[in-house]
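# Survey of secondary and tertiary structure
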Amino acid sequence: MKLVILLATSLHSAGCSMKVGHTDPPVASAIAQSASQESEKRVTNQPGNTMGRVFIVMYHHFKPGHGDLYRTPTQFRHDLETYYDMGFRPVLASEYLANKMPLPSGAMPIILTFDDSNPTQVHFLADGSLDPKCALGVWKDFAETHPDFPVHGTFFVLPGEMWGQLHKYRDKKIQLVLSMGSEIESHTMTHPFLNRLTDARVERELGDANITMEKFGQKPPISLALPYGVLPRHTQCFYGFKWKGQKIHFSGVFLAAGPPARSPIDPKIKRFRIPRMAGNWEGDAVGYWLKELKKGKIKSYVQP
Ligand SMILES: [Zn+2]
């Protein structure tokens, strides 16, 4: 069964082109009524459900490859179409954590996250333009024909990587990502197994990364995606610590596996262990959970 009622513009434009005579007030009134119904049209016909699950998807590489770390540009375009047609609309990790998700009525939130700042996520061509085959290029192209699915994604980056082409384009890429309304968050400095480090080394990895994100122009509080999804031995650092004279704290911490996440207002949410699904259609990845959603096995967050 199709869940989606797309926002149609035809009714509205038909109304605008109709001629309304002064002698026919009922027609004018009917037009006004249909225009008002139009503006209230929901993205899906599902009732609001602010306690439903939130889909948080994790992407890595955008090129052919085996396993759930790889998605080709064509497959990613297909993913965007699937999310859109089902009634998902993108929100940022920070908006989810702050429970300020800017969604139209009837829409379901989806958070697209991009780990490791791999070169195929944000790539510039020789002439300095955005490569239409990188993830940002594919999404930008999609958003041009789907303006209600803007390029609002969360990039969990490594300061030493920053999508490659470091010396030539690093700052231009950061500027582009932020200017589109996406965000740049922490994936630590060097992608270590945090459980193998002393508490002091963990603080260095997290503290330096947060300070760097702010230097890049990201507004605090910063969120963190754990390398390999592995927690440090002691997690008190997530609650805040002092580093280089600065107070370091986190709005949330994301894992690298799991089912759709809890609603930001669910009292059972664990802010420092938020699950994410691989952006893939194999195994226990987002494709599986979308099927479960279609079957009614799980309920998604739906904007009232
Ligand atoms: Zn990673």
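My aim in this report is to walk through the structure given alongside it, one point at a time. (Residues numbered from 1 in each chain as written. Predicted model: local features only at pLDDT ≥ 70, side-chain atom pairs only at ≥ 80, totals over all residues. Heavy atoms only, no water.)

### As for the overall build of the protein chain
Assigned secondary structure in the protein chain consists of eight helices and 10 strands. In the protein chain, buried positions account for 49% of the 304 residues. (Helix = DSSP H or I, 4+ residues; strand = E, 2+ residues; numbered from the N terminus. Buried < 20%, exposed > 50% of the residue type's maximum accessible area, 1.4 Å probe, protein only.)

### Comments concerning the coordination of the zinc ion
The zinc ion binds to the protein through D116 (OD), H187 (NE2) and H191 (NE2), with metal-donor distances spanning 2.0 to 2.1 Å. For H191, a relative accessible area of 15% puts it in the buried group. (Donors = N, O, S within 2.8 Å, 3.2 Å for Na, K, Ca; no water.)

### Considerations on the packing of helix α3 (residues 73-86) against helix α8 (residues 286-294)
Where α3 meets α8, the axes come as close as 13 Å, and the angle between the chain directions of the two elements is 20 degrees. It follows that α3 is roughly parallel to α8 by the angle criterion. In this structure, the crossing between α3 and α8 has a hand that is left-handed. Contacts from T82, Y83 and M86 in α3 reach V286, L290, L293 and K294 in α8. In the contact of α3 with α8, the residues fall into five nonpolar, one polar and one charged. (Axes fitted to C-alpha atoms, helices over the stretch in contact; angles between N-to-C directions. Parallel < 35°, antiparallel > 145°, perpendicular 65-115°, else oblique. Left-handed = near helix turned anticlockwise from the far one by under 90°. Contact = heavy atoms within 4.5 Å. Nonpolar A, V, L, I, M, F, W, Y, C, P; charged D, E, K, R; others polar.)

### Observations regarding the environment of K244
The residue K244 is located in the loop between β7 (241-243) and β8 (246-248) in this model. The sequence separation of K244 and G207 amounts to 37 residues, and the corresponding C-alpha distance is 8.1 Å. A polar side-chain atom of K244 sits 2.8 Å from a polar atom in the side chain of D208. (Polar contact = N/O pair within 3.5 Å; in protein donor to acceptor, adjacent residues only side chain to side chain.)

From the geometry alone we can't say anything about function, so treat these as descriptive.
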